[in-house]
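This is what each chain is made of:
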Amino acid sequence: MALTNPYQSYQQNSVNTASPGELTLMLYNGCLKFINLAKHAIDTNDIQAKNTNIQKAQKIVQELMVTLNLDLEVSQNMMALYDFMNRRLIDANIKNDKAILEEVEVLVTDFRDTWKQVIQLNRQKQHSQGGMA
């Protein structure tokens, strides 16, 4: 029997048991983590780490893009913002520009905070209905 890292087991369990809304929240948090790692890499002149972390942030934004239901107007608006963020991440990577990363970070933080509020409101609604959902 192979021994596993308890933290990795916990992380895997968290992903496997998360609701779609919680998974989206995890994606936003992951994107912010990689943006911060990329900013640190720019500060330390670690070009490889900067590139790797910006690409990871881009992959998350691209994943968020493919999960949108484009039949909804709000999703079309979100797609435009996600596309903008993705292009700005490319610019930040090419130009080694922390200011561009900070610009994207603000947008991702706004999305994350709004999404967190939606989850909380949904939970409150479920609890007020006696937990039936």
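Look a little higher up for the structure.
Residues numbered from 1 in each chain as written. Predicted model: local features only at pLDDT ≥ 70, side-chain atom pairs only at ≥ 80, totals over all residues. Heavy atoms only, no water.

Draft legend 1. Highlighting the packing of helix α2 (residues 20-43) against helix α5 (residues 98-128). Their axes nearest at 9 Å, the elements α2 and α5 cross at an angle of 160°. Considering their axes alone, α2 and α5 lie roughly antiparallel with respect to each other. Of the two possible hands of crossing, α2 and α5 adopt the one that is left-handed. In the contact of α2 with α5, the residues fall into 13 nonpolar, five polar and nine charged. (Axes fitted to C-alpha atoms, helices over the stretch in contact; angles between N-to-C directions. Helix = DSSP H or I, 4+ residues; strand = E, 2+ residues; numbered from the N terminus. Parallel < 35°, antiparallel > 145°, perpendicular 65-115°, else oblique. Left-handed = near helix turned anticlockwise from the far one by under 90°. Nonpolar A, V, L, I, M, F, W, Y, C, P; charged D, E, K, R; others polar.)

Draft legend 2. α2, seen in detail. Between its first and last C-alpha, α2 extends 35 Å over 24 residues, near the 34 Å set by a 1.5 Å rise per residue. The positive-phi residue at the C-terminal boundary of α2 is N45, with phi of around 60°. (Expected span 1.5 Å × (residues − 1).)

Draft legend 3. Just the packing of aromatic side chains, in detail. For the structure shown, the criterion picks out two aromatic pairs. Centroid distance Y82 to F111: 5.1 Å. Interplanar angle 40°. Geometry classified as tilted. One end of the pair, Y82, is in helix α4 (residues 73-95); the other, F111, is in helix α5, with 29 residues separating them in the sequence. Judged by its relative accessible area of 1%, Y82 is buried. Classification of F111 by relative accessible area gives buried; the value is 16%. (Phe/Tyr/Trp six-rings, centres within 6.5 Å; stacked < 30°, edge-to-face > 60°. Buried < 20%, exposed > 50% of the residue type's maximum accessible area, 1.4 Å probe, protein only.)

Draft legend 4. Representation of the nonpolar core in the model. Counting 24 residues, the largest nonpolar core has I35, Y82, L89, L101 and V108 as its most contacted members. At the level of elements, α2, α3 (47-66), α4 and α5 are the ones that each hand at least two residues to this core. Take this core: its biggest share by element is seven residues, from α2. Those residues in contact with I35 that lie beyond four places of it in its chain are A57, L89, L101, V104, E105 and V108. (Core = buried A, V, L, I, M, F, W, Y, C linked by side-chain atoms within 4.5 Å. Contact = heavy atoms within 4.5 Å.)

Draft legend 5. View of the packing of α3 against α4. For the pair α3 and α4, the least separation of the axes is 10 Å and the interaxial angle reads 170°. Between α3 and α4, the angle is such that the two are roughly antiparallel. Two secondary-structure elements touch here, α3 through K50, N51, I54, Q55, A57, Q58, V61, Q62, L64 and M65 and α4 through M79, Y82, D83, M85, N86, L89, I90, A92 and N93. Classifying every residue of the contact of α3 with α4 gives 11 nonpolar, six polar and two charged.

Function-wise, these values are silent; they only describe arrangement.
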